[in-house]
Amino acid sequence: MPKTFWEWIPFLWKSYWPLLLKGAWTSLYLSFLGTSIGFIVGLLVAIVRTIPDPPKTKKVRYWVLKVVKAFLVAYIEVFRGTPLMVQAMVIYYGLMKFASLRLPLIVASMVIVGSNTGAYMAEIMRSGIISVDKGQTEAAVSLGMTHWQTMSSVILPQAIRNVLPSVGNEFVVNVKDTSVLNVIAVSELYFVGKSASGTYLKYFEVYTIVAVMYLIMTSTLSRILKHIEKKMDGPSEYEVLKEEEDENDG
Amino acid sequence: MADPIIRVEHLSKKFGTNEVLKDINFSVQPGEVISIIGVSGTGKSTLLRCINLLEQPTSGNIYYHGTDILSGHFDLAHYRAKVGMVFQSFNLFNNLTVLENCVVPQMKVLKRSREEAEKIAKDYLRKVGMVQYRNAKPSQISGGQKQRAAIARALSMDPEAILFDEPTSALDPELIGEVLDVMKNLAASGLTMLVVTHEMNFARDISNRVIFMESGEVVEDDTPEVIFGNPKVPRTREFLNRMLPKEE
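Residues numbered from 1 in each chain as written. Chains lettered and ligands numbered in written order. Predicted model: local features only at pLDDT ≥ 70, side-chain atom pairs only at ≥ 80, totals over all residues. Heavy atoms only, no water.

Examining the overall build of chain A
Next, step 1: Tallying secondary structure elements over chain A gives eight helices and zero strands in all.
Next, step 2: When the helices and strands of chain A are read in sequence order from the N terminus, they spell out α-α-α-α-α-α-α-α.
Next, step 3: For chain A, the C-alpha radius of gyration of 24 Å lies well beyond 18 Å, the compact-globule estimate for 250 residues.
Next, step 4: The principal-axis extents of the C-alpha atoms in chain A amount to approximately 75 × 60 × 25 Å.
Next, step 5: Going through the 250 residues of chain A one by one, you find that 43% of them count as buried.
Next, step 6: Once local pairs closer than 6 in sequence are excluded, the contacts in chain A between residues at least 24 apart make up 77%.
Next, step 7: Once the 24 positive and 20 negative side-chain charges of chain A are each reduced to a mean point, those two points are 16 Å apart. (Helix = DSSP H or I, 4+ residues; strand = E, 2+ residues; numbered from the N terminus. Rg over C-alpha atoms; globule rule 2.2 N^0.38 Å. Buried < 20%, exposed > 50% of the residue type's maximum accessible area, 1.4 Å probe, protein only. Contact = heavy atoms within 4.5 Å. Lys, Arg positive; Asp, Glu negative; His and termini not counted. Charge placed at Lys NZ, Arg CZ, Asp CG, Glu CD.)

Quick notes on the interface of chain A and chain B
Next, step 1: Contact with chain A, which involves 29 residues of that partner, is made by 33 residues of chain B.
Next, step 2: Buried surface at the junction of chain A and chain B, both sides included, amounts to about 2,500 Å², of which 52% is carbon and sulfur.
Next, step 3: Interface area lost by chain A to chain B is led by A:Ser142, A:Leu143 and A:Tyr238, which between them contribute 26%.
Next, step 4: One can count one salt bridge joining chain A with chain B.
Next, step 5: One salt bridge connects A:Glu138 with B:Arg49, and the closest N-O pair in it is separated by 2.7 Å.
Next, step 6: Taken together, the connections running from chain A to chain B amount to seven residue pairs in polar contact (both at pLDDT 80 or more).
Next, step 7: Of all the secondary-structure elements, those providing two or more residues to the side of chain A that touches chain B are helix H5 (134-142) and helix H6 (147-177) of chain A.
Next, step 8: No other element matches the seven residues that H5(A) contributes to the side of chain A that touches chain B.
Next, step 9: Its residues placed into classes, the side of chain A that touches chain B shows eleven nonpolar, eight polar and ten charged. (Buried area = accessible area lost by both parts, 1.4 Å probe. Salt bridge = Lys/Arg side-chain N within 4 Å of Asp/Glu carboxyl O. Polar contact = N/O pair within 3.5 Å; in protein donor to acceptor, adjacent residues only side chain to side chain. Nonpolar A, V, L, I, M, F, W, Y, C, P; charged D, E, K, R; others polar.)

Points about the packing of aromatic side chains
Next, step 1: For the coordinates displayed, the defined rule picks out 13 aromatic pairs over all chains.
Next, step 2: Relative to A:Trp63, the ring of A:Tyr62 lies with its centre 5.4 Å away and its plane at 85 degrees, an arrangement referred to as edge-to-face.
Next, step 3: Its relative accessible area of 13% is what places A:Tyr62 among the buried residues.
Next, step 4: Measuring from ring centre to ring centre gives 5.2 Å for A:Tyr92 and A:Tyr93, while their planes differ by 75 degrees; the resulting arrangement is edge-to-face.
Next, step 5: Owing to a relative accessible area of 40%, A:Tyr93 belongs among the partly exposed residues under this scheme.
Next, step 6: Aromatic ring contacts, followed pair by pair, group A:Phe5, A:Trp6 and A:Phe204 into a single cluster.
Next, step 7: Looking at A:Lys97, its charged tip hangs above the ring of A:Phe98, at a distance of 5.7 Å from the centre.
Next, step 8: Sitting over the ring of B:Phe93, B:Arg153 keeps its end group 4.5 Å from the ring centre. (Phe/Tyr/Trp six-rings, centres within 6.5 Å; stacked < 30°, edge-to-face > 60°. Lys NZ or Arg CZ within 6 Å of the ring centre and 35° of its normal.)

Considerations on helix H1 (residues 44-51) of chain B
All names here are of chain B.
Next, step 1: Within H1, seven of the eight residues are buried, which leaves it mostly tucked inside the rest of the structure.
Next, step 2: Buried within H1 we find Lys44, Thr46, Leu47, Leu48, Arg49, Cys50 and Ile51.
Next, step 3: Positive phi appears at Leu53, one or two residues downstream of H1, with a value of about 60 degrees.

Focus: the pattern of salt bridges
Next, step 1: In total, this model carries 17 salt bridges over all chains according to the counting rule given.
Next, step 2: A single network of salt bridges, built from pairs that share partners, joins A:Arg49, A:Glu123 and A:Arg126.

Thoughts on the packing of H6(A) against helix H8 (residues 203-233) of chain A
All names here are of chain A.
Next, step 1: As a packed pair, H6 and H8 sit with axes 10 Å apart at the nearest point and diverge in direction by 165 degrees. Between H6 and H8, the angle falls in the class roughly antiparallel. As for how H6 packs across H8, the hand of that crossing is right-handed. Only Tyr214, Met217, Thr218, Leu221, Ser222, Leu225, Ile228, Glu229, Met232 and Asp233 of H8 make contact with H6, whose side of the interface consists of Ile160, Arg161, Leu164, Pro165, Gly168, Phe171, Val172, Val175 and Lys176.
Next, step 2: Of the residues that constitute the contact of H6 with H8, the class distribution is twelve nonpolar, three polar and four charged. (Axes fitted to C-alpha atoms, helices over the stretch in contact; angles between N-to-C directions. Parallel < 35°, antiparallel > 145°, perpendicular 65-115°, else oblique. Left-handed = near helix turned anticlockwise from the far one by under 90°.)

Structural notes on the environment of A:Tyr75
Residue and element names in this part refer to chain A.
Next, step 1: Counting through the fold element by element, Tyr75 comes out in helix H2 (residues 59-81).
Next, step 2: Note on Tyr75: relative accessible area 16%, which makes it buried.
Next, step 3: Between the C-alpha atoms of Tyr75 and Ser115, which are 40 residues apart in sequence, the distance is 8.9 Å.
Next, step 4: Setting aside its immediate chain neighbours within four residues, Tyr75 contacts Val41, Val45, Gly114, Ser115, Gly118 and Ala119.
Next, step 5: Within the structure, the side chain of Tyr75 is placed 3.2 Å from the backbone nitrogen of Ala119, a separation counted as a polar contact.

Considerations on the pairing of strand S1 (residues 6-15) of chain B
Residue and element names in this part refer to chain B.
Next, step 1: The pairing of S1 with strand S2 (residues 18-28) spans seven bridges and is antiparallel. From the neighbouring strand, Lys14 faces S2, where its bridge partner is Glu19.
Next, step 2: The loop that links S1 with its antiparallel partner S2 comprises two residues; one of these, Gly16, has a positive phi angle of about 65 degrees.
Next, step 3: As judged from the five bridges shared by S1 and strand S4 (residues 59-64), these two strands associate in the antiparallel manner. Note that in S4 the partner of Ser12 across the bridge is Ser59. (Pairing = 2+ DSSP bridges.)

A closer look at the nonpolar core
Next, step 1: With 57 residues, the main nonpolar core has B:Ile6, B:Phe26, B:Leu47, B:Ile51, B:Tyr79 and B:Leu194 as its most contacted residues.
Next, step 2: Counting residues per element, this core draws most heavily on H6(A), which supplies nine residues.
Next, step 3: When near neighbours in sequence (up to four residues on either side) are disregarded, B:Tyr79 contacts B:Ile6, B:Ile51, B:Ile62, B:Tyr64, B:Ile69 and B:Phe74.
Next, step 4: The next biggest cluster of nonpolar side chains, apart from the first, holds 40 residues, and it includes B:Val86, B:Ile120, B:Val128 and B:Val195. (Core = buried A, V, L, I, M, F, W, Y, C linked by side-chain atoms within 4.5 Å.)

A closer look at the confidence of the model for chain B
As a note on interpretation, predicted positions should not be read in detail where pLDDT is low.
Next, step 1: Scored by pLDDT, chain B has a mean of 92; 98% of the residues are at 70 or more.
Next, step 2: The ipTM for the predicted assembly is 0.90, set against a pTM of 0.84. (pLDDT = per-residue confidence, 0-100.)

Thoughts on the sheet that holds strand S9 (residues 209-214) of chain B
All names here are of chain B.
Next, step 1: Spatially, six strands are ordered S6-S7-S8-S3-S9-S10 in an open sheet, and the strand pairing comes out mixed. Among the strands making up the open sheet, the edge pair consists of strand S6 (83-86) and strand S10 (217-222). Adjacent strand axes in the sheet meet at a mean angle of 15 degrees when their direction is disregarded.
Next, step 2: Note that S6 and strand S7 (residues 161-165) share four bridges and pair parallel. When the sheet's bridge partners are listed, Val83 is paired in S7 with Ala161.
Next, step 3: Contacting strand S3 (33-37), S7 and strand S8 (192-196), helix H6 (residues 173-188) crosses the sheet at an angle of about 145 degrees to S8.

Written out as structure tokens, the structure is:
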């Protein structure tokens, strides 16, 4: 049996590394899928919430939009205003109780993390959209572009670029926050750590390993996201082309 | 007189209780280059923005070839494509290169193919001297270059008329000339232009009609010779005395 801390660490790693890596992988892909779903949800919510109010004369459109917007505000309030852990319990056991639906754990996790992240993303995206200069919209409108064309070709590319740091932030937060899914017995990294530490009752040692694993995941992610940001900015220089070098400028 | 492209009748615009435009009447004939002059805050820009419906007029009518654009059934996208606008703050799309700025609106609004749109865009970029910079992003070029690219973008839609909203007011003095040169060439080519400007030389030498506005009203609407030579309304004379240096 190992004696010191420095003997226990390699010993535990040797015994549990397949389990721990599997848990880390689960954490990573759950947070990736959850963030992606949240990103799409947030984007859609923000797009709807920034549609300008139609004139009151168009009654149906006016009221439909008003009701939809109120619903979206409620969604954001609820999911930002309650802990993720509580949401996991309520959604998972609620579905079981009222819809007799026993969702596969992975699907349930995705729904939970996706809806939670979606609520935060909606506000992040909205801030991105309103941060784009109003002149951009005016120019697009003055050229005859529709609301949707303006959004998709002009506003959203700029808005998404502006909020990319916050989106990355959400991703990193999710890598850590998926740990609360252990309450519905999803075997992500924290949950795996719990089982691994139980055998020898070495909580400090196992969770030190788990902490380092989280840190490696999040710091690698931050670096990848930085790289993507740079990529999205495009080249920082441009070539002054000669008048007619049209055909061979690739 | 020929059929006017745009006819404005009894146009008024209020922001709350503040009446910015009062009973404006005028029309724009094909080929006219009209300068709108007057002190800041008299509603010149608001007038242009109403014509493009970036602002909803409070009352009055605007006709495009005799059709009321304020009636709900009007095809606004088509109208806006045909009546271009150039802004004081350029408003090039920051996420797109100079070339794409001119290409994307053509493809989206006029449903042109990419090849056709690129060819047209390059033609106009060449006209304004920006074709070499077509791969630059707006953040990488100067204000004068941005404004010339913005003019090319408006031209790429094959407009019948272009509204210029103080196109040189945000430019450093040494960059104003290059934009005015482009506008001068456009005027000579027969493009219909409605220009809100503080450049009195442009108003006097390039335009063939000048509208002087004050406090939301058209005070005088005449040829540049009359406005600058012998204005009929004393208020016009006072304004021009302040704007033009005496030694001329």
